[in-house]
Amino acid sequence: MRSAILVCLVTCACGGDRRPDVLLVTIDTLRADHVGSYGYALDTTPEIDRLARESLVFDVAYAPMGTTCPSHATLLTGRHPLAHGVVRNGLELPPGEETLPELLADAGWRTAAFVSSFPVSRRFGVAQGFDHFDDAFPSEGGTSPRTEWAGEDVPGGFDRSAGDTVDAVESWLEHGPTDAPLFLWVHLFDPHEPYAPPAGFAERFEADHPDQPRHARYDGEIRYTDGEVGRLVERVEAARPDRELLFVLTADHGQGLGDHGIATHDRSTYEMEVRVPLLVRWPGRVAPARSDLPAHLVDVPPTLAGLLGLDLRESWRGIDLLDASGEEERPLHLLRPYFPGGRPKLSEVGFGFGVRRGRWKYFEASAEGRRELYDLERDPDERRNLVLERPGVAEELARIVAEHRAREMPAGATYEGGVRDRAGLEALGYVDE
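Throughout what follows, the structure given in this document is the object of discussion. (Residues numbered from 1 in each chain as written. Predicted model: local features only at pLDDT ≥ 70, side-chain atom pairs only at ≥ 80, totals over all residues. Heavy atoms only, no water.)

Brief notes about the pattern of salt bridges
Oppositely charged side chains can pair when the atoms bearing their charge come close.
Thinking step 1. Taken as a whole and assessed by the stated rule, the structure comprises 37 salt bridges.
Thinking step 2. Across the pair Arg-223 and Asp-43 runs a salt bridge, and its minimum N-O distance is 3.2 Å. With Arg-223 in helix 7 (residues 213-239) and Asp-43 in the loop between strand 1 (21-27) and helix 2 (46-52), this residue pair connects regions lying 180 residues apart in the sequence.
Thinking step 3. What makes Arg-223 buried here is its relative accessible area of 17%.
Thinking step 4. Residue Asp-43 is classed as partly exposed on the basis of its relative accessible area, which comes to 43%.
Thinking step 5. Residue Glu-396 is joined to Arg-399 by a salt bridge in which the shortest nitrogen-to-oxygen separation is 2.4 Å. Of this pair, Glu-396 and Arg-399 both sit in helix 10 (residues 391-408), three residues apart, roughly one helical turn.
Thinking step 6. For Glu-396, a relative accessible area of 26% gives the class partly exposed.
Thinking step 7. For Arg-399, a relative accessible area of 38% puts it in the partly exposed group. (Salt bridge = Lys/Arg side-chain N within 4 Å of Asp/Glu carboxyl O. Helix = DSSP H or I, 4+ residues; strand = E, 2+ residues; numbered from the N terminus. Buried < 20%, exposed > 50% of the residue type's maximum accessible area, 1.4 Å probe, protein only.)

And the structure:
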């Protein structure tokens, strides 16, 4: 897919000290099908849609899980959750993992992260490789008022608004950066529950969701966050006029919104939880286009490395999406959050594995006796289970799942470790008890 002219432009851009700044934005809980450039009819994302018109947009993109920290761990390591070990929220990314910011720091980029919620705070290992890691959540202004968990006082809150996070980035840009190129990861939390957008945002969508006030608030959260994404890109470009900006936007997972009986996320591998937007914008370097190549968050590190002229790490499991001829039918692996002892009040037990290849989507959870197969071309909402009608397809995808499990799961792995700071996770709705 990578054209000769693109290779030449990237090579020229990275020569000397013309290396670009890199801005990676992750929006928490953003379903792809609630984004205008992905076909949503309501005006939730005018800024993202404007940026998408200047971007390479991947129409089919997946998070590895419908869960915040595991998906971000995959995005930062280029490895699947079974391999890096963060198979649910509350587990820590092992310090021995090689991360994308470490690669860029070694290559001369200055690295900084600004995150907006507790599940991706430094205590969970995702700060590896960052020179500056801002996870300061004020006790006022967040969606959760909790100031203690596990019997300990907490000097701060659990989350902060997109506006406060963008303000922190802007302040840092004014005082912190040097002449080196920057790698910035900015995580924005607002579309996550509880849906509490600033005044006026939910009201824009009430008429469109007359019987679903939560949907109106969710769309209002997206519209608010969208404006902050536009402001963030504008501020970074204004603060660094002598540097080109390579911009990537995606999400860690989607949201149930009642589909398949799931109101939130963190429970399944259905499309509403794992389909996310993914766009790459580098004006003059990456041509604006739509790509139907299936993409996965595991592909982001090798794709960025390819664009920046850096060597790919052997530990990465993804591909360079701009150099991916013949990969249209490759399997994209998915995982349901794994809790060794099950989850109180919920029906999920044990591992749940999913995979998409081409038009087919398969899921199995052996401890529950569940096997599901969907034809996404004819049934994009995954309503008709074809596992009995197409047993050959189901068995082939089950074989691919088994191979993935054998390849990625370390010998003797149990994934048992305690969920740290459990009360903090409860406050954000991640623990159902």
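There's plenty left to go through after this.
Comments concerning the packing of aromatic side chains
The description of an aromatic ring pair uses the distance of the two centres, along with the angle that the planes make with each other.
Thinking step 1. This model, assessed by the stated rule, comprises 14 aromatic pairs.
Thinking step 2. Arranged with centres 5.4 Å apart and planes meeting at 85 degrees, the rings of Phe-118 and Phe-124 form a pair that is edge-to-face. There is no split in this pair, since Phe-118 and Phe-124 are both buried.
Thinking step 3. Summarising the aromatic geometry, the rings of Phe-130 and Phe-183 are spaced 6.1 Å apart at their centres and angled 15 degrees between planes, so their arrangement reads as stacked. Of this pair, Phe-130 sits in the loop between strand 4 (110-114) and strand 5 (132-134) while Phe-183 sits in strand 8 (residues 182-188), placing them 53 residues apart in sequence. No difference in accessibility class separates Phe-130 from Phe-183, as the two residues are buried.
Thinking step 4. Here a set of aromatic residues connected by ring pairs shows up, and it is made of Phe-130, Phe-133, Phe-183 and Trp-185. (Phe/Tyr/Trp six-rings, centres within 6.5 Å; stacked < 30°, edge-to-face > 60°.)

A few points about the side chain of Arg-160
Thinking step 1. Inspection of the secondary structure puts Arg-160 in the loop between strand 7 (152-153) and helix 6 (162-175).
Thinking step 2. Polar contacts involving the side chain of Arg-160 include one to the main-chain carbonyl oxygen of Ala-136, which spans 3.2 Å.
Thinking step 3. Polar contacts involving the side chain of Arg-160 include one to the side chain of Thr-165, which spans 3.0 Å.
Thinking step 4. For Arg-160, the residues in contact, after removing those within four places along its chain, are Phe-114, Val-115, Ser-116, Asp-134, Ala-136, Phe-137, Pro-138, Thr-165, Ala-168 and Phe-189. (Polar contact = N/O pair within 3.5 Å; in protein donor to acceptor, adjacent residues only side chain to side chain. Contact = heavy atoms within 4.5 Å.)

Quick word on the pairing of strand 15 (residues 360-365)
Where a strand is regular, its side chains alternate between the two sheet faces.
Thinking step 1. Extensive coverage of strand 15 is indicated by the burial of five of its six residues.
Thinking step 2. Where strand 14 (residues 353-357) hands over to strand 15, the hairpin turn is made up of two residues, of which Gly-358 adopts a positive phi near 60 degrees.
Thinking step 3. The sheet contact formed by strand 15 and strand 16 (residues 370-375) spans six bridges and is antiparallel. Along strand 16, the bridge assignment pairs Trp-360 with Asp-375.
Thinking step 4. Following strand 15, the chain reverses through four residues before pairing antiparallel with strand 16; Gly-369 in that reversal takes a positive phi of roughly 70 degrees. (Pairing = 2+ DSSP bridges.)

Points about the layout of surface pockets
Thinking step 1. Looking at the largest pocket, its volume works out to about 430 Å³.
Thinking step 2. In terms of lining residues, the largest pocket is bounded by 19 residues, among which Asp-33, Glu-271, Arg-275, Pro-380 and Asp-381 are the most central.
Thinking step 3. For the lining of the largest pocket, a count of residues per class yields six nonpolar, one polar and twelve charged. (1 Å grid on protein atoms, 1.4 Å probe; cavity = no way out; pocket = protein on both sides within 12 Å on 5 of 7 lines; lining within 4 Å. Points joined across faces, edges and corners; volume = space filled by probe spheres on them. Nonpolar A, V, L, I, M, F, W, Y, C, P; charged D, E, K, R; others polar.)

Describing the packing of helix 6 against helix 7
Thinking step 1. Running from N to C, helix 6 and helix 7 cross one another at 5 degrees; their axes reach a closest spacing of 9 Å. Between helix 6 and helix 7, the angle is such that the two are roughly parallel. Between helix 6, through Ala-162, Gly-163, Val-166, Asp-167, Val-169, Glu-170 and Leu-173, and helix 7, the contact on the second element is made entirely by Tyr-224, Glu-228, Arg-231, Leu-232, Arg-235, Val-236 and Ala-239.
Thinking step 2. When grouped by side-chain class, the residues that make up the contact of helix 6 with helix 7 number eight nonpolar, one polar and five charged. (Axes fitted to C-alpha atoms, helices over the stretch in contact; angles between N-to-C directions. Parallel < 35°, antiparallel > 145°, perpendicular 65-115°, else oblique.)

Remarks on helix 6
Thinking step 1. Under the 1.5 Å per step criterion, the end-to-end length of helix 6 is 20 Å for 14 residues, consistent within 8% with the ideal 20 Å.
Thinking step 2. Three or more residues of helix 6 are buried, namely Ala-162, Gly-163, Thr-165, Val-166, Ala-168, Val-169, Trp-172 and Leu-173.
Thinking step 3. Those residues of helix 6 hidden inside the fold are in contact with strand 4, strand 5, strand 8 and helix 7. (Expected span 1.5 Å × (residues − 1).)

Considerations on the sheet that holds strand 13 (residues 332-335)
Thinking step 1. Spatial ordering of the open sheet is given by 13-14-15-16, a layout of four strands whose pairing is antiparallel. Edge strands, defined here as strands with exactly one partner in the open sheet, are strand 13 and strand 16. Within this sheet the neighbouring strands show an average axis-to-axis angle of 15 degrees, counted without direction.

Examining the sheet that holds strand 11 (residues 289-291)
Thinking step 1. Taken together, eight strands build an open sheet; the order of strands is 5-4-8-1-9-10-2-11 and the sheet is mixed. One side of each edge strand has no neighbouring strand; the edge strands of this open sheet are strand 5 and strand 11. For this sheet, the mean inter-axis angle between neighbouring strands, taken without regard to orientation, is 10 degrees.
Thinking step 2. Pairing geometry for strand 1 and strand 9 (residues 245-251), over seven bridges, is parallel. Bridge pairing in strand 9 links Asp-21 to Leu-245.
Thinking step 3. Packing against the sheet, helix 6 makes contact with strand 4, strand 5 and strand 8, and its axis sits at approximately 165 degrees to strand 8.
Thinking step 4. This element, helix 7, spans strand 1, strand 8, strand 9 and strand 10 (278-281) of the sheet and lies at about 170 degrees to strand 1.

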